[in-house]
Amino acid sequence: MSTVGTARNACAGSGAFLYQRHRPEKTLLYQLVSKYYPAFRQQLAEEGRILPGYVQREFEDYLKCGRLEHGFLRVRCENCHEERLVAFSCKHRGFCPSCGARRMAESAALLVDEVLPHEPIRQWVLSLPFQLRFLLASRPAITGQVLGIVYRVISTHLVKKAGYSKKTARTGAVTLIQRFGSALNLNIHFHMLFLDGVYVDRLDGSARFRWVSSPTTQELTQLTQTIARRIGRYLERQGLLERDAENSYLTTDAVSEDPMNQLLGHSITYRIAVGPQIGRKVFTLQTLPTCEPDDYADTAGKISGFSLHAGVAARSDERKKLERLCRYISRPAVSEKRLSLTPNGNIRYQLKTPYRDGTTHVIFEPLDFMARLAALVPRPRANLTRFHGVFAPNSKHRALVTPSKRGKSAKRQINGEERSPVEQHASMTWAQRLKRVFNIDVSTCDACGGAVKIIASIEDPVVIKLILAHLQRKAESKEYNLLPESRAPPQKSLFG
């Protein structure tokens, strides 16, 4: 059973970090959800709308995440016997910052250590029009088909630019489907980590990598146009879109009626979803817009609401940069550092980067903020990480190019390695994640340096209540006891 993420604290005079238990009840996000989620559900019920079960579980389990009252592990140092308690986590994918940080660390480590080879990697980012964002959010089953079209267009471009054909060369990519924008809006877009080149087969059965130069603005525009045209034709064949007299695409009424659709639509279009001001644009704080040129706009291809950017890349020797990039694109949806309250009790959220019109913050009423969180919750069994080409699970080339050498053709080789197949497929432990990202070694005691081991998993409510009550009494006695700590009796001096 995985455990909740932790905070970190620098030691005085050193670069090391000490473990501190995460206390979600002290965070503003937890306090907001605890206070306003029941009112949000009641408001929807009065309007005849009921949240789906998976969204309700997301909120309810988040309120238990990191709370000792709902279960914990007991860990003890083998030398000094100092104990600490580690609370369980909710392990959801919606808006929990702690579980999102855990998943971010694990995903980045998996990609860098076992999937992405020591070759140049380029990030391709595709943003979609509002209509397609709503369509993919309400019909996640077609996301795979749309993503397949995008991959085929870009991979074909790379193969042809390298001077080969699909029969003689191949490439690969890992896509992380990101569902959120900087303003906590529902913004489904694709972050694709593409090989910055292609693999060419050798006569001895190995593969040789051929680098491809970065795409030009003209090439990005052409690729964006091809992607938009093919996606439009595919959705039109499926009966999900139709053309009007000017050959532009309009969404049909094929989307099924769902209580979440209104929340999704308002989140995508930056509008208020509940309350007396429903349908209006959210409040924003703005400054004077920047006069600096927009480098992103100059290097991105833009067609009919589609935007394709490929300006970030990591060389084969920049593995730390690649891991930082993987963490960035798999980061949690909500940043607690950018969350605050206004004097009148509304929620203020700071944008990571100001918009071109000068917008720096968005302001939400409490119930509308709950609606934003609900819209960010993905549907169950919707995979947000996809592997393509040579990285696909069933690719016969995966074992040849990936660092882990895992694949159909490498089953016998796995048994000969130091780690067993079960160990290789196992997720990173809680201790490994903390040490990798924050340089915190929770497997070592802070007091004496001894090894720390798990001694019990406490899940019985009666036992939990007794242990926490004992710790509370112990803490209060230390706080109010003014007498010095007991000590051993004085020893007779050897020279007395």
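Please refer to the structure placed before this passage.
Conventions used here
Residues numbered from 1 in each chain as written. Predicted model: local features only at pLDDT ≥ 70, side-chain atom pairs only at ≥ 80, totals over all residues. Heavy atoms only, no water. Helix = DSSP H or I, 4+ residues; strand = E, 2+ residues; numbered from the N terminus. Buried < 20%, exposed > 50% of the residue type's maximum accessible area, 1.4 Å probe, protein only. Areas by Shrake-Rupley, 256 points an atom, 1.4 Å probe, with all protein chains shown as cover. Pairing = 2+ DSSP bridges. Axes fitted to C-alpha atoms, helices over the stretch in contact; angles between N-to-C directions. Contact = heavy atoms within 4.5 Å. Salt bridge = Lys/Arg side-chain N within 4 Å of Asp/Glu carboxyl O. Patch = residues over 30% accessible without salt bridge, like charges linked within 9 Å, V, L, I, M, F, W, Y side chains within 5 Å. Lys, Arg positive; Asp, Glu negative; His and termini not counted. Charge placed at Lys NZ, Arg CZ, Asp CG, Glu CD. Parallel < 35°, antiparallel > 145°, perpendicular 65-115°, else oblique. Left-handed = near helix turned anticlockwise from the far one by under 90°. Nonpolar A, V, L, I, M, F, W, Y, C, P; charged D, E, K, R; others polar.

Draft legend 1. Up close: the overall build of the protein chain. Across its full length, the protein chain holds 15 helices and 20 strands. Buried residues in the protein chain amount to 46% of all 496 residues. Only carbon and sulfur atoms are counted for the fraction: they give 52% of the accessible area of the protein chain, which is about 26600 Å².

Draft legend 2. Quick peek at the sheet that holds strand E14 (residues 301-303). Strand order across the open sheet formed by 6 strands is E14-E15-E5-E8-E7-E19, with antiparallel pairing between neighbours. Each edge of the open sheet is held by one strand with a lone partner, namely E14 and strand E19 (385-389). Strand-to-strand, the axes of this sheet are offset by a mean angle of 20°, without reference to chain direction. Examined bridge by bridge, strand E5 (residues 121-127) and strand E8 (residues 186-195) share 6 bridges and lie antiparallel to one another. If you follow Gln123 over to E8, its bridge partner there is Leu193. Each of strand E7 (172-180), E8 and E19 is contacted by helix H3 (residues 97-115), which is oriented at about 175° to E7, the strand it contacts most.

Draft legend 3. Just the sheet that holds strand E6 (residues 169-170), in detail. Reading across from one edge, E6-E9-E10 is the order of the 3 strands in this open sheet, with antiparallel pairing throughout. Of all the strands in the sheet, the pair left with one neighbour each is E6 and strand E10 (207-211).

Draft legend 4. Just the pattern of salt bridges, in detail. This model, assessed by the stated rule, comprises 12 salt bridges. In this structure, Asp196 engages Arg122 in a salt bridge whose closest nitrogen and oxygen atoms are separated by 3.2 Å. Placement of the pair is Asp196 in the loop between E8 and strand E9 (197-201) and Arg122 in strand E5, with a sequence separation of 74 residues. Just as Asp196 is buried, Arg122 falls in that class too. Beyond isolated ion pairs, a larger network of salt bridges with shared partners links Glu25, Arg67 and Glu69.

Draft legend 5. Structural context of a nonpolar patch on the surface. A cluster of nonpolar side chains, namely Val462, Val463 and Leu466, defines an oily patch on the protein surface of about 270 Å² accessible area. Looking at where Val463 falls in the secondary structure, it is placed in helix H15 (residues 461-480).

Draft legend 6. Local environment of the side chain of Thr342. Mapped onto the secondary structure, Thr342 falls in the loop between strand E16 (339-341) and strand E17 (347-350). For Thr342, a relative accessible area of 13% translates into the label buried. Look past the residues within four positions of Thr342 in its chain and what remains in contact with it is Arg348 and Ile363.

Draft legend 7. A positive patch on the surface, seen in detail. Positive charge collects at one region of the surface, where Arg152, Lys160, Lys166, Arg229, Arg230, Arg233 and Arg237 lie side by side. Every element with two or more residues in the positive patch is listed here: helix H5 (143-161) and helix H6 (217-237). Counting residues per element, the positive patch draws most heavily on H6, at 4 residues.

Draft legend 8. Just the packing of helix H1 (residues 28-46) against helix H2 (residues 53-62), in detail. Look at H1 against H2: their axes get within 10 Å of each other, and the N-to-C directions meet at 140°. It follows from the interaxial angle that H1 and H2 lie oblique. Crossing of H1 over H2 shows left-handed handedness. Packed against H1, whose contacting residues are Leu29, Tyr30, Val33, Tyr37 and Arg41, the element H2 presents Gln56, Phe59, Glu60 and Tyr62 at the interface. The class makeup of the residues in the contact of H1 with H2 is 6 nonpolar, 1 polar and 2 charged.

Draft legend 9. Representation of unusual backbone geometry within the structure. You will see that Lys91, though not glycine, has its phi angle at about 65°, which is positive. Residue placement: Lys91 occurs in the loop between strand E4 (83-87) and H3. Phi angles above zero are rare outside glycine, and Ser304 is one such case at about 50°.

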